[in-house]
Amino acid sequence: MSAILIRNGRVIDPANKRDEVVDLAIIDGRIAQRSEVSRLRQAKASQGSQKSEIEEIDAKGLIVAPGLIDMHVHLREPGFSHKETIESGARAAAAGGFTTIVCMPNTSPVADSPATITWVNDRAADTACVNVLPTGAVSKNLAGEELASIGSLAEAGVVAITDDGHCIQNHELMRRAVEYARMVGMPVLDHCQDYNLVGNGVVNEGYWSTLLGLPGWPAAGEEAIVMRNILLAELCDHYIHCQHVSAAGSVRLIREARARGIKISGEVCPHHIALTDEAIQNFDTNYKMNPPLRSQRDVDAILEGIADGTLSILASDHAPHAGFEKEVEFDAAPFGIVGLETELGLFLDLLVHKHRKIDIVRLIEMYTVEPAKLLKLDAGTLSAGAKADVTLIDPDLEWRVKIDKFESASRNSPFDGWKLRGRAVRTIVGGETVWKS
Ligand SMILES: [Zn+2]
């Protein structure tokens, strides 16, 4: 038997409406019954100073949360292991407090067939220190022309389908994808971008794009596809999840649709609330992402959307790129930043401490119960018998982001040097500590 006793932490388990200072026990990789806790305490006490089988963790002043889930991560393997591997991405996740990550299919080859999904699953089993759950492509080679074999992807074990990085423009093809997804019981995740409206846009269309002479990416280019997705979610009576929502209009549309019971949801990435398009004036490509940084008005609308539950999921859109790829002209640089090791700190600092939009219980719920429900995952809870995926968080710890200390293989972050309040201090997967500060 292996046992861990986590002492005197504030256990927050939104799935069970639990929030109390109490000891939590893990036995053989599973969360133990509450009755086991006192038995372990006694056993530990009677062993005295002898070497004990029971590991004790002092969690005084810490939050003991279900292992956090990030449902939007690019791991770059197979095909782009110079940016990130499944192993390095998983280590970055552990360092950020994540025990489960969901990876996107825009690899090479594209994850549009059971063969690639099996390869990713095998690679993760061999090398990853956290749970890695793959998604499959909606369309073959992410080309938006022909559906991938969604049934066989489901059988191979994907948790959702998405063309993330791309967006299916043909509404009829998207409708069929949603209908297939309903048949196999998984959601469609969509990167909302109307190609005609966006054209070659690289930054938010507005004051700064005009001033700097960079091609604009209008908010309407996102909102048009969010609207399309609402119509299809209603038509097919099935779940469509809008990834990385960036625009005020998208929040308004999703709010109205959810009030009518439509199966639509939206996710927020930290950069879309931490920064505005004002940041692009130095032409630093670490501020180039897709969708782009937007205006203060959009940031305010997203914060309201988080506060009232319209936007229910937090994620990173962790998008590693090598230095030589980002160190080019703004127009030519790839989109995206790494996020796994900064997202919890940014969200705690901004949402809980600075803007007071949600409390920490809701923040944990948005990282556990909400994604677990959408993706039907057996994760995100501290129920007795559950796999012991646990994140210990110091909500008040002040720390500084240092990109040269990242576990990720890439360094493309605009947050280097930022001082944040709150971070994960220990990450436990299946009863094993995979990372601690
Ligand atoms: Zn995307």
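This is a predicted model, so every value here is computed, not measured.

How each quantity is defined
- Residues numbered from 1 in each chain as written.
- Predicted model: local features only at pLDDT ≥ 70, side-chain atom pairs only at ≥ 80, totals over all residues.
- Heavy atoms only, no water.
- Pairing = 2+ DSSP bridges.
- Helix = DSSP H or I, 4+ residues; strand = E, 2+ residues; numbered from the N terminus.
- Axes fitted to C-alpha atoms, helices over the stretch in contact; angles between N-to-C directions.
- Contact = heavy atoms within 4.5 Å.
- Disulfide = S-S within 2.5 Å.
- Buried < 20%, exposed > 50% of the residue type's maximum accessible area, 1.4 Å probe, protein only.
- Donors = N, O, S within 2.8 Å, 3.2 Å for Na, K, Ca; no water.
- Left-handed = near helix turned anticlockwise from the far one by under 90°.
- Patch = residues over 30% accessible without salt bridge, like charges linked within 9 Å, V, L, I, M, F, W, Y side chains within 5 Å.
- Areas by Shrake-Rupley, 256 points an atom, 1.4 Å probe, with all protein chains shown as cover.
- Salt bridge = Lys/Arg side-chain N within 4 Å of Asp/Glu carboxyl O.
- Lys, Arg positive; Asp, Glu negative; His and termini not counted.
- Polar contact = N/O pair within 3.5 Å; in protein donor to acceptor, adjacent residues only side chain to side chain.
- Core = buried A, V, L, I, M, F, W, Y, C linked by side-chain atoms within 4.5 Å.

Novice: Teacher, can you tell me more about the sheet that holds strand 8 (residues 131-134) here?
Specialist: Sheet strands associate in pairs through backbone hydrogen bonding, adopting either a parallel or an antiparallel arrangement. Read across the sheet, three strands follow the order 6-7-8 without closing on themselves; strand pairing throughout is parallel. Single-partner strands in this sheet number two, and they are strand 6 (68-73) and strand 8. Direction aside, the axes of adjacent strands within the sheet are offset by 20 degrees on average. Of the pairings in the sheet, the one linking strand 7 (residues 98-103) to strand 8 comprises four bridges and is parallel in character. Note on strand 8: the bridge partner recorded for I101 is V132. Contacting strand 7 and strand 8, helix 3 (residues 114-127) runs over the sheet at an angle of about 175 degrees to strand 8.

Novice: So what exactly am I meant to see when it comes to the state of the cysteines here?
Specialist: Here, disulfide denotes a covalent bond that connects the sulfur atoms of two cysteines. Applying the stated criterion across every chain yields a total of zero disulfides. For the unlinked cysteine C167, the closest cysteine sulfur is that of C192, found at 6.1 Å. A relative accessible area of 4% means that C167 is categorised as buried. Residue C269 stays outside any disulfide, its sulfur separated by 12 Å from that of C192, the closest cysteine. For C269, a relative accessible area of 0% gives the class buried.

Novice: Honestly, the coordination of the zinc ion in this entry has me stumped. Any pointers?
Specialist: Working reference: metal with six octahedral donors, ideal angles 90 or 180 degrees; metal with four tetrahedral donors, ideal angle 109.5 degrees. The zinc ion binds to the protein through D164 (OD), H191 (ND1) and H244 (NE2); the donor distances cover 2.0 to 2.3 Å. Here the donor residues of the zinc ion share one chain and are spaced in sequence as D-x26-H-x52-H. On the criterion of sequence distance, the pair formed by D164 in the loop between strand 9 (161-162) and helix 5 (171-184) and H191 in the loop between strand 10 (188-190) and helix 6 (195-198) is long-range, its members being 27 residues apart. Its relative accessible area of 2% is what places H191 among the buried residues.

Novice: Please explain the packing of helix 13 (residues 343-354) against helix 14 (residues 360-367) as it appears in this structure.
Specialist: A pair of packed helices is characterised by two quantities: the angle between their axes and the separation of those axes. In contact at an axis separation of 10 Å, helix 13 and helix 14 are set at 140 degrees when each is read in the N-to-C sense. In this structure, helix 13 meets helix 14 at a crossing whose hand is right-handed. Side by side, helix 13 and helix 14 meet where E343, L344, F347, L348 and V352 of the first sit next to I360, L363 and Y367 of the second.

Novice: What am I meant to see in a nonpolar patch on the surface here?
Specialist: Together, Y180, M183 and V184 line one region of the surface with nonpolar side chains, adding up to about 300 Å² of accessible area. Structurally, V184 can be placed in helix 5. Under the relative-accessibility criterion, V184 is labelled partly exposed at 32%.

Novice: In this structure, what is going on with the side chain of R76? I would like to understand it.
Specialist: Within the fold, R76 resides in the loop between strand 6 and helix 2 (86-96). For the buried R76, no salt bridge exists, and the shortest N-O distance to an oppositely charged side chain is 7.0 Å, to D317. Separated by 3.4 Å, the side chains of R76 and H321 make a polar contact. What R76 contacts, discounting residues up to four positions off in sequence, is S81, K83, E84, N106, T107, A319, P320 and H321.

Novice: Is there a simple way to think about unusual backbone geometry in this case?
Specialist: Glycine aside, residues mostly have negative phi, and peptide bonds are mostly found in the trans state. For the bond running from E77 to P78, omega is 10 degrees, close enough to zero to count as cis. Within the secondary structure, P78 sits in the loop between strand 6 and helix 2. In the Ramachandran plot, H244 falls in the positive-phi region, its phi being about 25 degrees despite a non-glycine side chain. Along the chain, H244 turns up in the loop between strand 13 (240-242) and helix 9 (248-259). Located in the positive-phi region is R356, a residue other than glycine, with phi close to 50 degrees.

Novice: What should I look at first to understand the pairing of strand 2 (residues 18-27) in this one?
Specialist: Within a regular strand, side chains alternate between the sheet's two faces. In this structure, strand 1 (residues 3-13) lies alongside strand 2, joined through nine bridges in antiparallel fashion. Bridge pairing links I6 to L24 in strand 2. Between the end of strand 1 and the start of strand 2, which pair antiparallel, lie four residues, with K17 showing a positive phi angle near 50 degrees.

Novice: Looking at this model, I keep getting lost on the nonpolar core. Mind explaining?
Specialist: The tendency in soluble globular proteins is for nonpolar side chains to be buried side by side. Ranked by size, the top nonpolar core spans 101 residues in total, and within it I101, V132, I273 and L363 carry the most contacts. Setting aside residues up to four positions removed in sequence, L363 forms contacts with L314, L344, F347, L348, V352 and I358. Listed in part, the 17 residues of the second largest apolar core include I57, A388, V390 and V425.

Purely geometric stuff here, so don't read any function into it on its own.
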